[in-house]
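Listed below are the residues making up each chain.
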Amino acid sequence: MTQTEIDQYKQTLDQYIPSTAVDAVFDFMNRNCVRLHITRKRTTKLGDYRWPQPRHNFHEISVNGDMNPYKFLMVLLHEMAHLNCYLLHETSVQPHGHEWQNEYRKLLIAYLHCFPHDVAALIANYVKRIPLNRSLDNQIDALLLHYDPGYTPSQDLTLNDLQPGDTFRLIAKPKHLFTAQERRRTRWICLDLNDHRQYIVSGTAQVKKIIDN
């Protein structure tokens, strides 16, 4: 790459991730010959990693471009961990097994200084041991929402703040209307009022409570 191409690449990264992460992310992508695709919003996934194939002999990472810089970086590190895990084990381990978790843990520690203090404190607790703590993972995701443009404190509610019978929408899937039915330890049984089916939803899921008029 020419210096002009390097500068343009870094300028693009700077639009999507914290400035403090730009140089390190560029070095990772350049060193591993990664093609990074920034995509439109996808409802089925936030990012993905594809290892080299016979028809394209390069690593490929895609990340949705509609997220705030800290959430974008979290997703990017998740996919970078998949790449590192592939380099070490190829396809001989589970996608999110202990091997991947260890690579993700190491990357989160390396990039910890790139996150706001409140998020970094949660991440520091999250990476203390393997397996990674799913509950803390959900808390980090919830806290990262605070850095979305236009965030308002009313989004702070989680499903655990509601009572059986309350109606709500999931912040992550606002088109569906639910009724909270029964709490079971860390999860709730909820009725989707759109298709009248029951779903199990994490109690830490961000929700917007619907108030009857």
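Our subject is the structure that appears above.
In every chain, residue numbers begin from 1 and rise along the written sequence. It should be noted that, the model being predicted, local features are given only for residues of pLDDT at least 70 and side-chain atom pairs only at 80 or more, the latter also being counted only at that level, while totals for whole chains, interfaces and linings use all residues. Calculated side-chain values reflect all of the structure's heavy atoms, with hydrogen atoms and water omitted.

### A short note on the packing of aromatic side chains
Here is step 1 of the chain: To pair, rings of Phe, Tyr and Trp, with the six-membered ring standing in for Trp, must have centres within 6.5 Å; the planes then decide the type, stacked if under 30 degrees apart, edge-to-face if over 60, and tilted in the middle. Scanning the entire structure with this criterion turns up 9 aromatic pairs.
Here is step 2 of the chain: Here the aromatic rings of tyrosine 16 and phenylalanine 72 are separated by 5.5 Å at their centres, their planes lie at 35 degrees, and the arrangement is tilted. In this pair, tyrosine 16 is assigned in the loop between α1 (3-14) and α2 (22-31) and phenylalanine 72 in helix α3 (residues 69-89), connecting sequence segments 56 residues apart.
Here is step 3 of the chain: Since its relative accessible area comes to 22%, tyrosine 16 is described here as partly exposed. Numbering of helices and strands starts at the N terminus; helices are DSSP runs of H or I of at least 4 residues and strands are runs of E of at least 2. The classification of residues rests on relative accessible area computed with a 1.4 Å probe and restricted to protein chains. Under 20% of the type maximum is buried, over 50% is exposed, and intermediate values are partly exposed.

### Structural notes on the pairing of strand β7 (residues 197-202)
Here is step 1 of the chain: Two elements, strand β6 (residues 187-192) and β7, share 6 bridges in a ladder whose sense is antiparallel. Note that in β7 the partner of isoleucine 189 across the bridge is isoleucine 200.
Here is step 2 of the chain: Pairing between two strands is assigned when DSSP locates at least 2 bridges connecting them. The hairpin turn running from β6 into β7, its antiparallel successor, is 4 residues long, and histidine 196 in that turn takes a positive phi close to 60 degrees.

### Comments concerning the environment of leucine 36
Here is step 1 of the chain: Within the secondary structure, leucine 36 sits in strand β1 (residues 34-39).
Here is step 2 of the chain: Along the primary structure leucine 36 and leucine 76 are separated by 40 residues, whereas in three dimensions their C-alpha atoms are 9.6 Å apart.
Here is step 3 of the chain: Ignoring sequence-local partners within four residues, the contact set of leucine 36 consists of Tyr9, Leu13, Ile61, Val63 and Leu76. Contacts are assigned to residue pairs that have any heavy atoms within 4.5 Å of one another.

### What to know about the sheet that holds strand β8 (residues 207-210)
Here is step 1 of the chain: Read from one edge to the other, the open sheet built from 5 strands follows the order β7-β6-β5-β4-β8, with strand pairing classed as antiparallel. In the strand order of this sheet, the two ends are held by β7 and β8, each with one partner. Taking each pair of neighbouring strands and ignoring which way they run, the sheet shows an average axis angle of 45 degrees.
Here is step 2 of the chain: Of the strand pairs in this sheet, strand β4 (residues 167-170) and strand β5 (residues 177-184) are connected by 3 bridges, and their pairing is antiparallel. The residue bridging threonine 167 from the neighbouring strand is threonine 179, located in β5. Axes, fitted as lines to C-alpha atoms, cover a helix only where it is in contact. Angles between the N-to-C directions of the axes lie from 0 to 180 degrees.

### As for unusual backbone geometry
Here is step 1 of the chain: Proline 131 follows isoleucine 130 through a cis peptide bond whose omega is 5 degrees.
Here is step 2 of the chain: Mapped onto the elements of the fold, proline 131 is located in the loop between α5 (117-126) and α6 (134-144).
Here is step 3 of the chain: The backbone of histidine 196 shows a phi angle near 60 degrees, a positive value even though the residue is not glycine.
Here is step 4 of the chain: Mapped onto the secondary structure, histidine 196 falls in the loop between β6 and β7.
Here is step 5 of the chain: The exposure class assigned to histidine 196 is exposed, which follows from its relative accessible area of 61%.

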